[in-house]
Amino acid sequence: MRNLAVAVRFLVLLFGVTLFLAAAPFAEEAEMDMDLMQSIESTNDNLSSNISLENAESAIADAQTLNELFTVVAEHYKKETAAGKDAVEAVDLTTKSIKFSDEIITFLKQEDFDSAANTATDLARTCKTCHNFYKED
């Protein structure tokens, strides 16, 4: 009887550890997504500030960083769409954001700060639209 109790405890413990290990990547992915979105928000704020200050070099670096971050977000939503989730709009909005960050880089290289600022505003609106569709409750 004692061996049975030990075996049951072992199985319960094994089951609990298995559940923990199985859930850990999902928790980590959710955490990564929040960190990623916070990085995008912070970088976008820096971009707007650097454009306003006409600091082309820093603004270009910010726009390039945003481009890379939006590429990660696009891949995430493409995987969700492939898995049958309704994320087509997020893929479209993220693709649009990549286009805007590319345009901002082009305008900054031409030292066209007004066009860069207008496009940065369009980029911010696109982010807001995506957040309205996909915000966490």
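**Student:** With reference to specific residues and values, describe the overall build of the protein chain.
**Tutor:** The number of helices and strands found in the protein chain is four helices and zero strands. Of all 137 residues assigned to the protein chain, the portion counted as buried reaches 30%. Across the protein chain, the fraction of contacts at a sequence separation of at least 24, relative to all contacts at a separation of at least 6, is 62%.

**Student:** Give a detailed account of the nonpolar core, specifying residues and quantitative values.
**Tutor:** Ranked by size, the top nonpolar core spans 29 residues in total, and within it Ile40, Leu47, Ile51, Phe70, Ile104, Leu108 and Leu123 carry the most contacts. If you list the elements that add at least two residues to this core, you get α1 (2-52), α2 (56-82), α3 (88-109) and α4 (113-134). It is α2 that contributes the most residues to this core, ten residues altogether. With residues near it in sequence (within four places) discarded, isoleucine 104 still touches Leu47, Ile51, Ala63, Ala116, Thr119, Ala120 and Leu123.

**Student:** Explain the environment of cysteine 127 residue by residue, including any values.
**Tutor:** Here cysteine 127 lies in helix α4. By relative accessible area, cysteine 127 is classed as buried at 12%. The spatial distance from the C-alpha of cysteine 127 to the C-alpha of lysine 96 is 9.6 Å, given a sequence separation of 31 residues.

**Student:** Lay out unusual backbone geometry in plain terms, naming residues and giving numbers.
**Tutor:** We note that glutamate 54 has phi near 55 degrees; this positive angle belongs to a residue other than glycine. Exposure remark for glutamate 54: the relative accessible area of 52% places this residue in the exposed category. Here glutamate 111, not a glycine, exhibits a phi torsion of approximately 55 degrees, which is positive. Summarising the element assignment, glutamate 111 is placed in the loop between α3 and α4. Classification of glutamate 111 by relative accessible area gives exposed; the value is 59%.

**Student:** So, the pattern of salt bridges: which residues are in play, and what are the values?
**Tutor:** This model, assessed by the stated rule, comprises three salt bridges. Here lysine 78 and glutamate 75 are joined by a salt bridge, their closest N and O atoms 3.6 Å apart. Here lysine 78 and its partner glutamate 75 are both found in helix α2, three residues apart, which amounts to about one turn of the helix. Taking the relative accessible area as the measure of exposure, glutamate 75 reaches 38% and is therefore partly exposed. The residue lysine 99 makes a salt bridge to glutamate 103 at a minimum N-O spacing of 3.1 Å. One end of the pair, lysine 99, and the other, glutamate 103, are both in helix α3, four residues apart, so they sit about a helical turn from each other. Looking at glutamate 103, the relative accessible area reads 27%, which means it is partly exposed.

**Student:** Residues and numbers for α4, please.
**Tutor:** The terminal C-alpha atoms of α4 lie 31 Å apart, and with 22 residues this matches the ideal 32 Å at 1.5 Å per residue to within 8%. Turning to α4, its buried residues number three or more, namely Phe113, Ala116, Thr119, Ala120, Leu123, Thr126, Cys127 and Cys130. Buried residues in α4, looked at end-on, bunch into an arc of 130 degrees, giving them a common side. For α4, exposure combined with an orientation more than 90 degrees from the buried face picks out Asp114, Asn118, Arg125 and Lys128.

About the cut-offs
- Residues numbered from 1 in each chain as written.
- Predicted model: local features only at pLDDT ≥ 70, side-chain atom pairs only at ≥ 80, totals over all residues.
- Heavy atoms only, no water.
- Helix = DSSP H or I, 4+ residues; strand = E, 2+ residues; numbered from the N terminus.
- Buried < 20%, exposed > 50% of the residue type's maximum accessible area, 1.4 Å probe, protein only.
- Contact = heavy atoms within 4.5 Å.
- Core = buried A, V, L, I, M, F, W, Y, C linked by side-chain atoms within 4.5 Å.
- Salt bridge = Lys/Arg side-chain N within 4 Å of Asp/Glu carboxyl O.
- Expected span 1.5 Å × (residues − 1).
- Arc of directions from axis to C-beta.

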